[in-house]
Amino acid sequence: MKIEALTLPEVLLITPARHGDARGFFSESWNQKTLQNAGVNLPVFVQDNHSMSHKVGILRGLHYQSPPFAQGKLVRCGRGCLFDVAVDVRTGSPTYGKWVGAELSYENGRQLWVPPGFLHGFVTRTPDTEIIYKCTAHYDRESDGGVLWNSLGIDWGIDNPILSEKDEKLPEFANWASPFQFGAV
């Protein structure tokens, strides 16, 4: 398993090994022991989510769940291709407001670890893209929130994404108060 720290060091790009032949491949997409042996200790996961986006250019995010239901997410692409983004929104963090993104696809098998205290979002690059992710906390409707997709200078690679009504109405980053504190999540 290949593990890379990105420009935001808490965000990890994880690429599990694939063992293939003429039939296809086998991969351990999650192995706690392998990660621990590599010095990576992720929290316990309590929920798995699976999302399908039928069209290119569907943007979901930037989302979070506030404490005490803050979620860390281990994100991968089950089919298709997406650009996945994490934004540090922990007040007091030296990287507050900074973002990092990675292309996740069925072909490359990469996964992105998005820790609690980070916004998360993605945009689809191919039709019928599936995103699958493990969460460290259960979903809580009252803790659900987000920030407007284009208010942080993120290069999504698209000008006019397809958004949900909810995501169109999210506050701009400059007008939003983060519920996260550096060192507290």
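Since this is a predicted model, take the numbers as computed values, not measurements. (Residues numbered from 1 in each chain as written. Predicted model: local features only at pLDDT ≥ 70, side-chain atom pairs only at ≥ 80, totals over all residues. Heavy atoms only, no water.)

S.K.: How do you make sense of the sheet that holds strand β11 (residues 111-114) when you look at a structure like this?
M.R.: The strands making up a sheet associate through hydrogen bonds between their backbones, and the pairing can be parallel or antiparallel. If you trace the six strands from one edge of the open sheet to the other, you get β1-β2-β11-β7-β13-β5, paired in antiparallel fashion. Both outer strands of the open sheet, β1 (2-5) and β5 (47-53), are each paired with one neighbouring strand and no more. Direction aside, neighbouring strands of the sheet carry axes that sit 20° apart on average. As defined by bridge partners, β5 adjoins strand β13 (residues 129-135) across seven bridges and the pair is classed as antiparallel. Across the sheet, residue glutamine 47 finds its bridge partner in β13, namely cysteine 135. (Pairing = 2+ DSSP bridges. Helix = DSSP H or I, 4+ residues; strand = E, 2+ residues; numbered from the N terminus. Axes fitted to C-alpha atoms, helices over the stretch in contact; angles between N-to-C directions.)

S.K.: How should I be thinking about the sheet that holds strand β6 (residues 59-65) in this particular structure?
M.R.: On the basis of which strands lie adjacent, the open sheet formed by five strands has the order β10-β8-β12-β6-β14 and antiparallel pairing. What marks the edges here is a single partner per strand, and that holds for β10 (99-105) and β14 (144-146). Across this sheet, the average inter-strand angle for adjacent strands is 30°, counted without regard to direction. For strand β8 (residues 81-88) and β10, the ladder comprises seven bridges, and the chain directions are antiparallel. Bridging from a neighbouring strand, phenylalanine 83 pairs with glutamate 103 of β10.

S.K.: Help me out: how do you make sense of the UniProt feature "active site" (unreviewed entry) in the chain in this one?
M.R.: According to UniProt, the "active site" (unreviewed entry) feature falls on His63 and Tyr133. Across 71 residues, the annotated set stays spatially compact, with a maximum C-alpha separation of 13.8 Å. Lining the largest cavity, from the residues named above, are His63. Here histidine 63 shows up in strand β6. Excluding its chain neighbours within four sequence positions, the residues that come into contact with histidine 63 are Phe118, Leu119, His120, Gly145, Gly146, Asp167 and Leu170. Relative to the assigned elements, tyrosine 133 resides in strand β13. A relative accessible area of 16% means that tyrosine 133 is categorised as buried. The contact partners of tyrosine 133, leaving out residues within four places of it in the chain, are Gln47, Asp48, Asn49, Lys73, Leu74 and Val75. (UniProt positions renumbered as here; feature names shortened; annotations may be inferred. 1 Å grid on protein atoms, 1.4 Å probe; cavity = no way out; pocket = protein on both sides within 12 Å on 5 of 7 lines; lining within 4 Å. Contact = heavy atoms within 4.5 Å. Buried < 20%, exposed > 50% of the residue type's maximum accessible area, 1.4 Å probe, protein only.)

S.K.: I tried to follow the environment of aspartate 159 on my own but got confused; where do I start?
M.R.: Take aspartate 159: it is sitting in the loop between β14 and α2 (165-168). In sequence terms aspartate 159 and glycine 57 are 102 residues apart; their C-alpha atoms lie 9.1 Å from each other.

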